[in-house]
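# Examining the three-dimensional arrangement
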Amino acid sequence: MPQHVPPLRAALPAPPQHRPTALPPPPRRIVFLAHRDLGNPAAGGSELLVDRLAEGLTRLGHEVTLLCGGPASYRDYRVVSVGGPYDHYLRARSAFARQVGETDLLVEVCNGMPYLAPLWHRGPTMCLVNHVHTDLWRMRFGGPLAPAARIGRRLEHWALTGAQSRSLLVAVSPSTAHALRAIGVERDRIRVVHNGVEDPGPRADRSPEPLFVAVGRLVEYKRIDLLLRLWERVRPVTGGRLVIVGDGPERDRLRRLAGPGVEFTGHVSDAEKHRLLCAAWLLLHPSAVEGWGLVVTEAAARETPAIAFDVPGLRDSVVDGETGVLAHGESSFAAAWCTLALSGRRREIMGKAARDHAARYRWERTVRQFRVVASEAVRGWAS
């Protein structure tokens, strides 16, 4: 039986009776410490979230700096590359001392490998968590690299439960919050701040022929190989095309596995992604785990329902039976794919429900929620 998890405090909590009814002013100088900048070719949902937060906070008058590894692009906020994809973890502390002056809040973006910022930063810190990588370590480092997976998993868990013991942790979904609780993070230190989505503007035309789209980085846990296997069962029923949008280390292997009707686009522009999500009959998301599943909300805003597995993160962004379908296995995924492909009326109803659901999530709201939690983090440090 699943373990019962007590309700989490909302991102906008009602102040306890013994505390002031108003939070102090939000921190003015905020530093994000993250693995990548959005301009990195390997960037994904985590990088988009940090960019939207930094951009929104900058518009509200905050001084925002992003310290990251790898290549960085020009932004309206300050971005500093402090090393390569891996060595920047070792250089983060010295780079922070050299590149950053007075700071009101340091936000560590924890994506598996931690920076352990609370151990060396003598000031308010907060941790932003997209998802806990418990099972992903085994997927990424299997076979002879299994010892590395065990070390990585233990280090991540200790960082979140031990090194961050005085910090607030911001989870992007209830699933991520529950995963934090499962490894021992105290409930009172977790806040949920959902991802947002832009208003997509005018829709492009829906494809007259069956078009199915999957969007994401081509890595193991996205399980595009599974999608390609299912396509061989679905294609004889539905016909049409399966378009895979994105790039990554799995690209060549996946191309070799692909059968008829499959197209790989690589990276595409925002305009082309908008066109494809509007044209698609369905968004397909076979990932093993997500923090939230930003592309689900992006597709929903364009009235495109999603089929995904009932896994953490995606069970938060997909309302099963309303905005899409959550499958419990490969056969049910393929069955839902065929059923929705053959029922234009049901896809239309789900698409409109998906659009209405996505309208609840806008980046402006995400930034406001994050700003409130940032104020709480600073207040907690001072108390």
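Before going into details, it helps to say that this report is about the structure given with it.

Reading guide: rules and limits
Residues numbered from 1 in each chain as written. Predicted model: local features only at pLDDT ≥ 70, side-chain atom pairs only at ≥ 80, totals over all residues. Heavy atoms only, no water. Phe/Tyr/Trp six-rings, centres within 6.5 Å; stacked < 30°, edge-to-face > 60°. Helix = DSSP H or I, 4+ residues; strand = E, 2+ residues; numbered from the N terminus. Buried < 20%, exposed > 50% of the residue type's maximum accessible area, 1.4 Å probe, protein only. Salt bridge = Lys/Arg side-chain N within 4 Å of Asp/Glu carboxyl O. Right-handed = clockwise from strand over helix to strand, strands pointing away. Pairing = 2+ DSSP bridges. Axes fitted to C-alpha atoms, helices over the stretch in contact; angles between N-to-C directions. Contact = heavy atoms within 4.5 Å.

Take the packing of aromatic side chains next. Tallied over the entire structure, the rule returns ten aromatic pairs. With centroids separated by 6.3 Å and ring planes inclined at 80°, the aromatic side chains of F333 and W337 adopt a geometry described as edge-to-face. Here W337 and F333 lie together in helix α12 (residues 330–341), a separation of four residues that amounts to about one turn. One exposure class covers both F333 and W337, and it is buried.

Opposite charge on two side chains permits pairing when their charged atoms draw close. According to the stated counting rule, one finds 27 salt bridges in the structure shown. Its salt-bridge partner being K222, residue E290 comes within 2.6 Å of it at the nearest N-O pair. In this pair, E290 sits in the loop between β11 (282–285) and α10 (294–300) while K222 sits in the loop between β8 (211–215) and α7 (224–238), placing the two residues 68 residues apart along the sequence. The class of E290 is buried, set by a relative accessible area of 8%. When the shortest N-O distance is used, the salt bridge between R253 and E250 registers 2.5 Å. R253 gets classed as partly exposed once you look at its relative accessible area, which sits at 32%. Here the residues in one salt-bridge network are D37, D51, R52, R75 and E198, joined through shared partners.

Time to look at the pairing of β11. With burial as the criterion, each face of β11 is covered, one bearing L282 and L284 and the other bearing L283 and H285. Following the chain from β11 across α10 to the adjacent parallel strand β12 (residues 306–309), one finds a crossover that is right-handed.

A word on the sheet that holds strand β13 (residues 324–327). The sheet built from six strands is open, its strands ordered β10-β9-β8-β11-β12-β13 with parallel pairing. Of all the strands in the sheet, the pair left with one neighbour each is β10 (262–266) and β13. Pairwise comparison of adjacent strand axes, ignoring direction, gives a mean angle of 20° for this sheet. In this sheet, β13 lies alongside β12 in parallel orientation, the contact comprising four bridges. When the sheet's bridge partners are listed, A308 is paired in β13 with L326. Across the sheet, α7 touches β8, β9 (241–245), β10, β11 and β12, and the angle it forms with β9 is around 160°.

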